[in-house]
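Chains, contacts and geometry: an overview
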Amino acid sequence: MSSSRRGFLREIAGSVRDVTAAAQSAAPREPAAAPIDDARLERYSRQLVLPEWSEAAQRALADASVVVVGAGALGSPVALYLAGAGVGRLGIVDADDVELSNLHRQLLHFTPDLGVPKAHSAAAKLGFLNPEVVVEPYQVSLEPGNAAGLIEGADLVVDCSDSFETRYAVNAACCAARIPLVEAGVLGMSGLVMGIRPGEGACYRCAFPAPPPDAPSCATAGVLGPAAGVIGSLQALEALKLLAGLPDPLTDAFLQIDLAAADFLRVTVSRRPDCPDCGDA
Ligand SMILES: [Zn+2]
């Protein structure tokens, strides 16, 4: 990066610091954080220049620990974007091995990975993308019995699983531990995304109290690769918004996405006092 470019980025980062310092001058002082070094400044330069982003947001990401449940069609774009953006620690939970029928939509895995556990295949690619990120592969299936242990200590969970059973287990564990969660699902050319802040707003079970009867699977109904890419990318975006404290996250609502018709519908949902996962009982 040229010195003038670096200077430009430092100027922007500095002005954000000045504004933040002025706004917080009356508040108790935290110890000053070390400035971001040149290599990181260049790696993250295109998000640091965003008016919505800042060095503080970048540091929040670097300090964050995120668990991604599922390293498949949604988990691939989610993990790639979170690692690329500089999330400090990524846990990747997936019990399956890479199969030939995965490759048209699961961008973390390539033909030479056939038969390799997805958690390990994902960790290898994410390490190439951003060696600064600590990636922890967990070759295990998330279930009600182990969900609390797998998400313990996480700042955020992104559920990229493909079954309602897993989704409800992740939601219940995140509600119990008060860990923010981004849910999503994709099938065919449609799906949904929902951000959840347990204790503050509606959870997945508030919005969907029971799974639909006879829900089809990707194996029977199919899924188009770019449809999973769009929905996984939206999921990654909402995760970054929650981690960096950006305004207007997709909470107390879900986005219903019909990509065959290129139609996006935001559906407002409310917390249910009688919700078994997040309710008052
Ligand atoms: Zn709920």
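Coordinates for the structure precede this section.
Residues numbered from 1 in each chain as written. Predicted model: local features only at pLDDT ≥ 70, side-chain atom pairs only at ≥ 80, totals over all residues. Heavy atoms only, no water.

Bound to the zinc ion on the protein side are Cys203 (SG), Cys206 (SG), Cys275 (SG) and Cys278 (SG), at distances that span 2.2 to 2.3 Å. Each of the four donor atoms around the zinc ion contributes to a set of angles spanning 95 to 118 degrees, which defines the coordination as tetrahedral. Between the donor residues of the zinc ion, the gaps in sequence give the motif C-x2-C-x68-C-x2-C. The residues Cys203 and Cys206 share a single accessibility class, namely buried. (Donors = N, O, S within 2.8 Å, 3.2 Å for Na, K, Ca; no water. Tetrahedral: all angles 85-135°; square planar, octahedral: opposite > 155°, others 65-115°. Buried < 20%, exposed > 50% of the residue type's maximum accessible area, 1.4 Å probe, protein only.)

Moving on, we get to the packing of aromatic side chains. Inspection of the entire model under this criterion finds three aromatic pairs. Ring centres of Phe208 and Phe254 lie 5.0 Å apart, and the angle between their planes is 45 degrees; on these two criteria the pair is classed as tilted. Here Phe208, found in the loop between α9 (204–207) and α10 (218–221), pairs with Phe254, found in strand β7 (residues 253–258); they are 46 residues apart in sequence, far enough to count as distant. Of the aromatic side chains, those joined through ring pairs into one cluster are Tyr168, Tyr204, Phe208 and Phe254. (Phe/Tyr/Trp six-rings, centres within 6.5 Å; stacked < 30°, edge-to-face > 60°. Helix = DSSP H or I, 4+ residues; strand = E, 2+ residues; numbered from the N terminus.)

If you check helix α6 (residues 118–129), its first and last C-alpha atoms are 16 Å apart, about what twelve residues at 1.5 Å a residue would give, namely 16 Å. Along α6, the positions that sit buried rather than exposed are Lys118, Ala119, Ser121, Ala122, Ala123, Lys125 and Leu126. (Expected span 1.5 Å × (residues − 1).)

So, on to the sheet that holds strand β2 (residues 89–93). One open sheet holds the eight strands; their spatial order is β3-β2-β1-β4-β5-β6-β7-β8, and the pairing between them is mixed. The open sheet has two edge strands, β3 (134–138) and β8 (263–268), and neither has a second partner. When the angles between neighbouring strand axes are averaged without regard to direction, this sheet yields 15 degrees. Two strands pair when backbone bridges link them, and strand β6 (residues 190–196) and β7 are joined in this way by five bridges, in the antiparallel orientation. (Pairing = 2+ DSSP bridges. Axes fitted to C-alpha atoms, helices over the stretch in contact; angles between N-to-C directions.)

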